[in-house]
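Residue strings, one per chain:
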Amino acid sequence: MLDGCTGTPAFVVNPALDILTASTSAQALYSPFEPGGNLARMAFLDPAGRSFHRHWNRTAEAVVDHLRQAYGVDLEDARLERLTSELSACSTDFDRLWKTHAVYGKTRADKHFHHPNVGELTLTYHALDVRDAPGQQLIVYHAEPGSRSAEILSLLGSVHATVNRAEQHGT
């Protein structure tokens, strides 16, 4: 299904926000980070996170809210326990937000990105539960048709494809 999402960043995450699979467009959007990474680590531990997320504070709060909600569903999830312990130890911002005990799940919102190769994008995302895999979510981003962000998203796909071809051919 994700292969059919050409031009639309889409990916599946587990409760710990590990990216399990991603469309080519999502790979292009998140190319400043390690492929198949973790959205929480990207936001709190990767130096690119603060510049990539234009409204980093909102992103940070949303990540913590998501993890808190996931943790509330399964208090014995060892993966979540290891991740939240790591983030608390390595990020004072995460630790401070985690201690607020806020829980707020979102299914739709605008996100603002600054991609180092193509600039500013504003995308709307929808989070959909994967019925066959409880705890997993399909996240789909889209730009307003005809908008500057739609043009940039298309450009991003082209840049990513060119870089991938060059890497495959060793040039």
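No experiment lies behind these values; they were computed from the predicted model shown.

All told, the structure shown has 7 salt bridges when counted by the stated rule. With a closest N to O distance of 2.6 Å, E86 and R41 form a salt bridge. Of this pair, E86 sits in helix α5 (residues 78–90) while R41 is found in helix α2 (residues 39–44), placing the two residues 45 residues apart along the sequence. On the basis of relative accessibility, which here comes to 27%, the residue R41 falls in the partly exposed class. For E151, the salt bridge is made with R148, and the minimal N-O distance between the two is 3.5 Å.

Core analysis: the biggest nonpolar cluster contains 43 residues, and F11, L29, Y30, F44, L67 and Y141 have the highest contact counts within it. In terms of residues, this core owes the most to one element, helix α4 (residues 56–73), which gives 7 residues. Not counting the four nearest positions on each side in its chain, L67 is found in contact with P15, A16, L17, A40, L80, L83, L87, F94 and W98. Counting 5 residues, the second largest nonpolar core, distinct from the first, contains L2, A10, L138 and V140.

This paragraph deals with the packing of α4 against α5. The geometry of α4 relative to α5 is characterised by a closest axis approach of 11 Å and an angle of 145° between their N-to-C directions. Note that α4 runs across α5; the crossing there is left-handed. Between α4, through L67, A70 and Y71, and α5, the contact on the second element is made entirely by L80, E81, L83, T84 and L87.

Looking at the protein as a whole, the pLDDT averages 87, with 87% of positions reaching at least 70. When pLDDT is averaged over each element of the protein, α2 comes out on top at 97 and helix α7 (residues 148–168) at the bottom at 71.

Following the sequence through the fold, A70 ends up in helix α4. Considered as a pair, A70 and N14 are 56 residues apart in the sequence and their alpha carbons are 9.3 Å apart. If we skip the residues at most four places from it in the chain, A70 touches P15 and L80.

Among the secondary structure elements, L80 is positioned in helix α5. Here the alpha-carbon distance between L80 and P15, two residues 65 residues apart in the chain, equals 7.6 Å. Setting aside residues up to four positions removed in sequence, L80 forms contacts with P15, A16, L67, A70 and Y71.

Taken in spatial order, the 5 strands line up as β2-β1-β5-β4-β3 in an open sheet, and their pairing is antiparallel. Either end of the sheet is taken by a strand with one partner, and the two such strands are β2 (19–22) and β3 (108–115). Direction aside, neighbouring strands of the sheet carry axes that sit 30° apart on average. As paired elements, strand β1 (residues 10–13) and strand β5 (residues 137–142) share 4 bridges and run antiparallel to each other. Bridge pairing in β5 links V13 to Q137.

Below, the discussion takes up α5. When the terminal C-alpha atoms of α5 are compared, their 18 Å separation across 13 residues agrees well with the 18 Å that a helix rising 1.5 Å per residue should span. A distance of 2.9 Å separates the backbone nitrogen of R79 from a side-chain oxygen at the start of α5, and that oxygen is part of D77.

What counts, and at which threshold
- Residues numbered from 1 in each chain as written.
- Predicted model: local features only at pLDDT ≥ 70, side-chain atom pairs only at ≥ 80, totals over all residues.
- Heavy atoms only, no water.
- Salt bridge = Lys/Arg side-chain N within 4 Å of Asp/Glu carboxyl O.
- Helix = DSSP H or I, 4+ residues; strand = E, 2+ residues; numbered from the N terminus.
- Buried < 20%, exposed > 50% of the residue type's maximum accessible area, 1.4 Å probe, protein only.
- Core = buried A, V, L, I, M, F, W, Y, C linked by side-chain atoms within 4.5 Å.
- Contact = heavy atoms within 4.5 Å.
- Axes fitted to C-alpha atoms, helices over the stretch in contact; angles between N-to-C directions.
- Left-handed = near helix turned anticlockwise from the far one by under 90°.
- pLDDT = per-residue confidence, 0-100.
- Pairing = 2+ DSSP bridges.
- Expected span 1.5 Å × (residues − 1).
- Polar contact = N/O pair within 3.5 Å; in protein donor to acceptor, adjacent residues only side chain to side chain.

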